[in-house]
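# What the coordinates show
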Amino acid sequence: MSHTPSDWESSKSIAKGMLRDRTMRRKMLAFWVLLVLAWIAIGKWVIGDWLSDSPMRFLLWWGGCFVITLILMLFALYDALRVLKDD
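Summarised in this report is the structure supplied together with it.

Calculation notes
Residues numbered from 1 in each chain as written. Predicted model: local features only at pLDDT ≥ 70, side-chain atom pairs only at ≥ 80, totals over all residues. Heavy atoms only, no water. Helix = DSSP H or I, 4+ residues; strand = E, 2+ residues; numbered from the N terminus. Rg over C-alpha atoms; globule rule 2.2 N^0.38 Å. Buried < 20%, exposed > 50% of the residue type's maximum accessible area, 1.4 Å probe, protein only. Contact = heavy atoms within 4.5 Å. Areas by Shrake-Rupley, 256 points an atom, 1.4 Å probe, with all protein chains shown as cover. Expected span 1.5 Å × (residues − 1). Phe/Tyr/Trp six-rings, centres within 6.5 Å; stacked < 30°, edge-to-face > 60°. Salt bridge = Lys/Arg side-chain N within 4 Å of Asp/Glu carboxyl O. Axes fitted to C-alpha atoms, helices over the stretch in contact; angles between N-to-C directions. Parallel < 35°, antiparallel > 145°, perpendicular 65-115°, else oblique.

Let us look at the overall build of the protein chain. In terms of helices and strands, the protein chain carries 4 helices and 0 strands. In terms of C-alpha radius of gyration, the protein chain reaches 18 Å, well past the compact-globule figure of 12 Å for 87 residues. Oriented by its inertia axes, the alpha-carbon framework of the protein chain measures out at about 60 × 40 × 15 Å. Burial statistics for the protein chain: of 87 residues in total, 18% are counted as buried. Of the contacts made within the protein chain by residues no fewer than 6 positions apart, 62% connect residues no fewer than 24 positions apart. For the protein chain, the exposed area adds up to about 6,900 Å²; of that, 72% sits on carbon and sulfur atoms.

If you want it as C-alpha cells, here you go:
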C-alpha cells in the first residue's frame, strides 16, 4: 500500500518552496503591499462616509487593515532575515 501525502503535507511543501525562493517572496511582498494600499485607498476615499456612519464598521475595516499590515511587516522581516542568512 503506497503512502500518498495528505493535502496538508502538500500545502506545507508548496509553502516551504515559495518561502525559500527569493523572487517568489518578493512577488508575494509586492502583492501584500498593493493589497494594503488598495485597502487604505478604498477605506479613505471610496467608502469613507459609509465607514464613518457606524463605529463598528469603522473598527472592523481599519482593524482588518491593521491585521493585513501586520502580516506584511512580519513577512518583510522574514524576507530581510532570510536575505541576511543566505548572504
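Past the structure itself, the notes keep going.
With that settled, the discussion passes to the side chain of Arg25. Tracing the sequence through the fold places Arg25 in helix H2 (residues 22-46). Taking the relative accessible area as the measure of exposure, Arg25 reaches 0% and is therefore buried.

Two residues of an α-helix separated by three or four positions point the same way, owing to the 3.6 residues in each turn. For helix H4 (residues 55-86), which comprises 32 residues, the first-to-last C-alpha distance of 46 Å matches the rise-based estimate of 46 Å (1.5 Å per residue) to within 8%. Taken residue by residue, H4 has Trp61, Gly64, Cys65, Ile68, Leu72, Phe75, Asp79, Arg82 and Val83 as its buried positions. Here the buried face of H4 lies against helix H1 (7-20), H2 and helix H3 (48-53).

The next subject is the packing of aromatic side chains. Per the stated rule, a full pass over the model turns up 3 aromatic pairs. Summarising the aromatic geometry, the rings of Trp39 and Trp61 are spaced 4.7 Å apart at their centres and angled 25 degrees between planes, so their arrangement reads as stacked. Highlighted residues: Trp39 in helix H2 and Trp61 in helix H4, separated in sequence by 22 residues. Trp39 sits in the partly exposed class, given a relative accessible area of 23%.

Attention now goes to the pattern of salt bridges. Tallied over the full model, the rule gives 4 salt bridges. In this structure, Asp79 engages Arg25 in a salt bridge whose closest nitrogen and oxygen atoms are separated by 2.7 Å. With Asp79 in helix H4 and Arg25 in helix H2, the pair connects residues that are 54 residues apart, well separated along the chain. When sorted by exposure, Asp79 lands in the same class as Arg25, which is buried. Of the charged contacts, one joins Arg26 and Asp79 as a salt bridge, the two residues approaching to 2.8 Å between their closest N and O atoms.

Let's shift gears to the packing of H1 against H2. Angle between the axes and distance between the axes: these two values describe a pair of packed helices. Following both chains from N to C, one finds H1 and H2 inclined at 95 degrees, their axes separated by 5 Å at the closest point. Here H2 runs roughly perpendicular to H1, going by the angle between their axes. Across the interface between the two elements, Met18, Leu19 and Arg20 of H1 pack against Arg22, Met24, Arg25 and Met28 of H2.

Any link to function would need more than the numbers given here.
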